[in-house]
Amino acid sequence: MSQQKFMRFEAKGQTLKGIVEGETVSLIEGCMLGEWKKTGELLSLAAVEKYLPPIENPSKVLGIGLNYRDHAEEGGHPIPEEPIMFFISQTALTGHKCPIIYPAVSKLVEYEVELAVVIGKTAKKVPIESALDYVFGYTISNDFSARDIQRRDKQWSRGKSFDTFKPMGPWIVTGIKPEGHDIGVIHNGEKTQKSNTSNFIFDVPKIISVISMTMALLPGDIILTGTPGGVRAIKPGDKIESYIDGIGVLENTVIAE
Ligand code: MG
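Let me begin by describing the structure that accompanies this report. (Residues numbered from 1 in each chain as written. Predicted model: local features only at pLDDT ≥ 70, side-chain atom pairs only at ≥ 80, totals over all residues. Heavy atoms only, no water.)

Attention now goes to the sheet that holds strand S16 (residues 190–196). Strand order in the open sheet formed by five strands is S9-S19-S18-S15-S16, and the pairing between neighbours is mixed. Only two strands of the sheet have a single partner each, and these edge strands are strand S9 (100–102) and S16. Shown here is a sheet whose adjacent strand axes are inclined to one another by a mean of 20 degrees, direction ignored. Alignment of strand S15 (residues 182–187) against strand S18 (residues 239–244), held across five bridges, turns out to be antiparallel. Opposite histidine 187, over in S18, you have isoleucine 240 as the bridge partner. (Pairing = 2+ DSSP bridges. Helix = DSSP H or I, 4+ residues; strand = E, 2+ residues; numbered from the N terminus. Axes fitted to C-alpha atoms, helices over the stretch in contact; angles between N-to-C directions.)

Moving on: the pairing of strand S4 (residues 36–44). The side chains of a regular strand alternate between both faces of the sheet. Here six bridges tie strand S3 (residues 24–30) to S4, and the two strands are oriented antiparallel to one another. When the sheet's bridge partners are listed, isoleucine 28 is paired in S4 with lysine 38. Where S3 hands over to S4, the hairpin turn is made up of five residues, counted between the paired strands.

Residue position: glutamate 110 is located in strand S10 (residues 109–110). A polar contact of 2.7 Å, which involves the side chain of glutamate 110, links it to the side chain of arginine 147. (Polar contact = N/O pair within 3.5 Å; in protein donor to acceptor, adjacent residues only side chain to side chain.)

A cis amide bond links glycine 169 to the next residue, proline 170, at an omega of 0 degrees. On the secondary structure map, proline 170 appears in strand S14 (residues 166–173). Its identity as a non-glycine residue notwithstanding, asparagine 57 has a phi of 50 degrees, on the positive side. Classification of asparagine 57 as exposed rests on a relative accessible area of 57%. (Buried < 20%, exposed > 50% of the residue type's maximum accessible area, 1.4 Å probe, protein only.)

Ranked by size, the top nonpolar core spans 54 residues in total, and within it Met7, Phe9, Ile208, Ile223 and Ile247 carry the most contacts. The two domains that each donate at least three residues to this core are domain 1 (1–51) and domain 2 (53–256). Non-local contacts of isoleucine 208, meaning those with residues more than four positions away in its chain, are made with Val117, Ile119, Val126, Ala131, Val135, Leu217 and Ile223. Within the second largest apolar cluster, 20 residues are counted, among which are Ala72, Phe136, Trp156 and Met168. (Core = buried A, V, L, I, M, F, W, Y, C linked by side-chain atoms within 4.5 Å. Domains from an automatic or database assignment. Contact = heavy atoms within 4.5 Å.)

By themselves these figures say nothing about function.
The following block contains the structure:
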(Lines give C-alpha, C1' and ligand atoms only; values in the text may rest on other atoms or scores of the structure.)
Protein backbone atom coordinates (compact mmCIF):
# COMPACT_ATOMS: atom_id res chain seq x y z
CA MET A 1 0.00 0.00 0.00
CA SER A 2 1.33 3.41 -0.87
CA GLN A 3 1.91 6.05 1.77
CA GLN A 4 -0.91 8.55 2.06
CA LYS A 5 -1.91 11.09 4.70
CA PHE A 6 -5.64 11.29 5.41
CA MET A 7 -7.12 14.12 7.46
CA ARG A 8 -10.46 15.58 8.58
CA PHE A 9 -10.91 19.27 9.18
CA GLU A 10 -13.16 22.27 9.02
CA ALA A 11 -12.76 24.99 6.42
CA LYS A 12 -15.11 27.31 4.58
CA GLY A 13 -17.82 26.49 7.13
CA GLN A 14 -17.80 22.79 6.21
CA THR A 15 -16.47 19.52 7.63
CA LEU A 16 -14.14 18.12 4.98
CA LYS A 17 -11.66 15.31 4.48
CA GLY A 18 -8.74 14.94 2.18
CA ILE A 19 -5.29 13.66 1.37
CA VAL A 20 -2.34 15.86 2.27
CA GLU A 21 0.08 16.42 -0.61
CA GLY A 22 2.86 18.74 0.53
CA GLU A 23 1.24 21.99 1.66
CA THR A 24 -2.01 21.17 -0.16
CA VAL A 25 -5.04 19.04 0.72
CA SER A 26 -6.75 17.19 -2.11
CA LEU A 27 -10.38 16.82 -0.99
CA ILE A 28 -12.02 13.38 -1.09
CA GLU A 29 -15.58 12.15 -0.76
CA GLY A 30 -16.77 8.76 0.49
CA CYS A 31 -15.28 6.72 3.32
CA MET A 32 -11.51 7.04 3.80
CA LEU A 33 -11.46 3.47 5.19
CA GLY A 34 -13.25 2.07 2.14
CA GLU A 35 -14.51 3.58 -1.10
CA TRP A 36 -13.48 7.18 -1.73
CA LYS A 37 -12.52 9.40 -4.62
CA LYS A 38 -10.89 12.77 -5.07
CA THR A 39 -13.33 15.59 -5.77
CA GLY A 40 -10.68 17.48 -7.75
CA GLU A 41 -10.83 20.38 -5.30
CA LEU A 42 -7.56 21.52 -3.71
CA LEU A 43 -7.13 23.56 -0.56
CA SER A 44 -4.02 25.02 1.04
CA LEU A 45 -3.16 23.48 4.43
CA ALA A 46 -2.98 27.09 5.65
CA ALA A 47 -6.73 27.39 4.92
CA VAL A 48 -7.62 24.69 7.48
CA GLU A 49 -9.64 26.43 10.20
CA LYS A 50 -9.85 23.52 12.63
CA TYR A 51 -8.19 20.10 12.64
CA LEU A 52 -10.58 17.31 13.65
CA PRO A 53 -9.64 13.88 15.01
CA PRO A 54 -8.99 11.92 11.80
CA ILE A 55 -11.62 9.27 12.65
CA GLU A 56 -15.17 10.29 13.51
CA ASN A 57 -17.07 8.28 16.14
CA PRO A 58 -14.95 5.11 16.34
CA SER A 59 -16.86 2.18 17.87
CA LYS A 60 -14.14 2.03 20.50
CA VAL A 61 -10.90 3.61 21.59
CA LEU A 62 -8.63 1.28 23.55
CA GLY A 63 -5.51 2.09 25.47
CA ILE A 64 -2.62 -0.24 26.26
CA GLY A 65 -0.94 0.47 29.59
CA LEU A 66 2.73 0.10 30.54
CA ASN A 67 4.00 -0.95 27.12
CA TYR A 68 7.50 0.56 27.43
CA ARG A 69 9.84 -0.75 30.10
CA ASP A 70 11.11 2.71 31.19
CA HIS A 71 7.58 4.05 31.73
CA ALA A 72 6.54 1.00 33.79
CA GLU A 73 9.66 1.48 35.90
CA GLU A 74 9.18 5.23 36.45
CA GLY A 75 5.67 4.53 37.81
CA GLY A 76 6.96 1.73 40.05
CA HIS A 77 5.00 -0.97 38.19
CA PRO A 78 6.18 -4.50 37.37
CA ILE A 79 6.69 -5.30 33.67
CA PRO A 80 3.33 -6.73 32.49
CA GLU A 81 3.18 -10.31 31.22
CA GLU A 82 0.22 -9.58 28.94
CA PRO A 83 -0.98 -6.33 27.33
CA ILE A 84 -3.05 -4.30 29.85
CA MET A 85 -6.06 -2.77 28.13
CA PHE A 86 -8.57 -0.12 29.12
CA PHE A 87 -11.43 1.76 27.46
CA ILE A 88 -11.30 5.45 26.60
CA SER A 89 -14.43 7.46 25.89
CA GLN A 90 -14.67 8.61 22.27
CA THR A 91 -15.73 12.05 23.59
CA ALA A 92 -12.15 12.45 24.86
CA LEU A 93 -10.96 12.79 21.24
CA THR A 94 -9.89 16.16 19.92
CA GLY A 95 -7.69 17.43 17.12
CA HIS A 96 -4.30 18.90 16.27
CA LYS A 97 -3.95 22.48 17.59
CA CYS A 98 -7.08 22.08 19.75
CA PRO A 99 -6.89 22.95 23.47
CA ILE A 100 -6.49 20.35 26.22
CA ILE A 101 -8.82 21.31 29.08
CA TYR A 102 -7.22 20.85 32.51
CA PRO A 103 -10.08 19.60 34.70
CA ALA A 104 -10.69 21.47 37.96
CA VAL A 105 -11.14 18.17 39.86
CA SER A 106 -7.54 17.03 39.23
CA LYS A 107 -4.32 18.22 40.85
CA LEU A 108 -1.98 16.11 38.67
CA VAL A 109 -2.33 15.76 34.90
CA GLU A 110 0.49 14.24 32.86
CA TYR A 111 1.04 13.66 29.14
CA GLU A 112 1.87 10.37 27.41
CA VAL A 113 2.78 10.48 23.71
CA GLU A 114 1.58 7.32 21.94
CA LEU A 115 1.47 5.73 18.50
CA ALA A 116 -2.22 5.26 17.63
CA VAL A 117 -3.27 2.37 15.39
CA VAL A 118 -6.35 2.83 13.20
CA ILE A 119 -8.07 -0.44 12.30
CA GLY A 120 -9.12 -0.79 8.64
CA LYS A 121 -11.22 -3.97 8.60
CA THR A 122 -12.97 -6.23 11.08
CA ALA A 123 -10.46 -8.26 13.08
CA LYS A 124 -11.78 -11.23 15.06
CA LYS A 125 -9.40 -13.80 16.54
CA VAL A 126 -6.56 -12.91 14.17
CA PRO A 127 -3.14 -14.54 14.50
CA ILE A 128 -0.07 -12.38 15.16
CA GLU A 129 1.35 -13.25 11.71
CA SER A 130 -1.50 -11.55 9.80
CA ALA A 131 -2.52 -8.89 12.36
CA LEU A 132 -0.99 -5.96 10.43
CA ASP A 133 -3.29 -6.78 7.47
CA TYR A 134 -6.12 -5.28 9.56
CA VAL A 135 -4.43 -1.90 10.05
CA PHE A 136 -5.54 1.11 8.00
CA GLY A 137 -2.79 3.40 9.22
CA TYR A 138 -1.16 5.19 12.12
CA THR A 139 -1.50 8.56 13.77
CA ILE A 140 -0.16 10.38 16.83
CA SER A 141 -2.08 10.63 20.07
CA ASN A 142 -1.34 11.77 23.57
CA ASP A 143 -2.90 9.87 26.45
CA PHE A 144 -3.35 12.81 28.87
CA SER A 145 -3.99 11.29 32.28
CA ALA A 146 -5.37 12.73 35.53
CA ARG A 147 -2.89 10.66 37.53
CA ASP A 148 -4.41 11.38 40.95
CA ILE A 149 -7.82 10.13 39.80
CA GLN A 150 -6.30 7.18 37.92
CA ARG A 151 -4.49 6.10 41.11
CA ARG A 152 -7.53 6.55 43.34
CA ASP A 153 -9.83 4.63 40.98
CA LYS A 154 -7.49 1.70 40.16
CA GLN A 155 -9.59 1.40 36.97
CA TRP A 156 -8.05 3.80 34.47
CA SER A 157 -10.96 4.86 32.28
CA ARG A 158 -12.13 7.91 34.25
CA GLY A 159 -8.70 9.47 34.75
CA LYS A 160 -7.95 9.09 31.04
CA SER A 161 -11.33 10.01 29.53
CA PHE A 162 -11.84 13.68 30.38
CA ASP A 163 -13.09 15.55 27.33
CA THR A 164 -10.11 16.70 25.16
CA PHE A 165 -7.70 14.26 26.88
CA LYS A 166 -7.01 12.35 23.64
CA PRO A 167 -5.77 14.69 20.91
CA MET A 168 -5.19 12.82 17.68
CA GLY A 169 -3.65 13.72 14.36
CA PRO A 170 -2.78 15.82 12.47
CA TRP A 171 -3.49 12.98 10.01
CA ILE A 172 -3.40 9.21 9.53
CA VAL A 173 -0.44 7.88 7.57
CA THR A 174 -0.99 4.65 5.62
CA GLY A 175 1.59 2.28 4.17
CA ILE A 176 4.15 2.56 6.99
CA LYS A 177 5.38 0.05 9.55
CA PRO A 178 4.59 0.60 13.24
CA GLU A 179 8.13 0.06 14.51
CA GLY A 180 11.32 2.05 13.99
CA HIS A 181 9.92 5.56 14.53
CA ASP A 182 11.42 8.03 16.99
CA ILE A 183 8.66 9.15 19.35
CA GLY A 184 8.66 11.89 21.95
CA VAL A 185 7.34 15.08 23.48
CA ILE A 186 8.63 18.63 23.40
CA HIS A 187 7.16 20.34 26.48
CA ASN A 188 7.41 24.15 26.37
CA GLY A 189 10.41 23.73 24.06
CA GLU A 190 12.17 21.08 26.18
CA LYS A 191 12.59 17.50 24.97
CA THR A 192 11.20 15.28 27.72
CA GLN A 193 9.83 11.96 26.46
CA LYS A 194 12.17 10.41 23.89
CA SER A 195 12.14 6.82 22.63
CA ASN A 196 11.51 4.70 19.56
CA THR A 197 8.48 2.58 18.67
CA SER A 198 10.80 -0.43 18.39
CA ASN A 199 10.99 -0.36 22.22
CA PHE A 200 7.47 -1.71 22.80
CA ILE A 201 7.13 -4.55 25.30
CA PHE A 202 4.23 -5.88 23.17
CA ASP A 203 4.43 -4.94 19.49
CA VAL A 204 1.44 -3.90 17.37
CA PRO A 205 0.76 -7.35 15.83
CA LYS A 206 0.71 -8.89 19.32
CA ILE A 207 -1.62 -6.17 20.67
CA ILE A 208 -4.10 -6.50 17.79
CA SER A 209 -4.09 -10.28 18.04
CA VAL A 210 -4.63 -10.28 21.81
CA ILE A 211 -7.46 -7.72 21.70
CA SER A 212 -9.13 -9.58 18.82
CA MET A 213 -9.26 -12.77 20.90
CA THR A 214 -11.59 -10.91 23.29
CA MET A 215 -13.56 -8.51 21.11
CA ALA A 216 -13.93 -7.86 17.41
CA LEU A 217 -12.03 -4.78 16.26
CA LEU A 218 -14.12 -2.81 13.77
CA PRO A 219 -13.05 -0.44 10.98
CA GLY A 220 -12.15 2.91 12.54
CA ASP A 221 -11.39 1.51 15.98
CA ILE A 222 -8.33 3.12 17.55
CA ILE A 223 -5.68 1.55 19.78
CA LEU A 224 -3.23 3.69 21.75
CA THR A 225 -0.11 1.59 22.13
CA GLY A 226 1.41 2.92 25.36
CA THR A 227 3.93 5.60 26.23
CA PRO A 228 7.69 5.65 26.87
CA GLY A 229 9.30 7.08 30.00
CA GLY A 230 9.76 10.78 30.69
CA VAL A 231 6.16 11.79 31.40
CA ARG A 232 5.77 15.15 33.18
CA ALA A 233 3.00 17.11 34.85
CA ILE A 234 1.34 19.92 32.89
CA LYS A 235 -0.29 23.21 33.84
CA PRO A 236 -2.53 25.64 31.97
CA GLY A 237 -0.55 27.57 29.36
CA ASP A 238 1.82 24.69 28.57
CA LYS A 239 2.52 23.81 24.93
CA ILE A 240 2.86 20.10 24.21
CA GLU A 241 4.31 18.93 20.88
CA SER A 242 3.91 15.15 20.46
CA TYR A 243 5.99 13.84 17.58
CA ILE A 244 6.48 10.56 15.76
CA ASP A 245 9.01 10.58 12.94
CA GLY A 246 7.36 9.47 9.72
CA ILE A 247 3.96 10.80 10.82
CA GLY A 248 4.36 14.37 12.01
CA VAL A 249 3.86 16.63 15.03
CA LEU A 250 0.66 16.97 17.05
CA GLU A 251 0.52 20.33 18.85
CA ASN A 252 -1.77 21.21 21.73
CA THR A 253 -1.92 23.91 24.39
CA VAL A 254 -3.34 23.34 27.87
CA ILE A 255 -6.10 25.63 29.15
CA ALA A 256 -7.83 25.77 32.52
CA GLU A 257 -11.39 24.50 32.78
MG1 MG B 1 -1.00 5.65 28.02
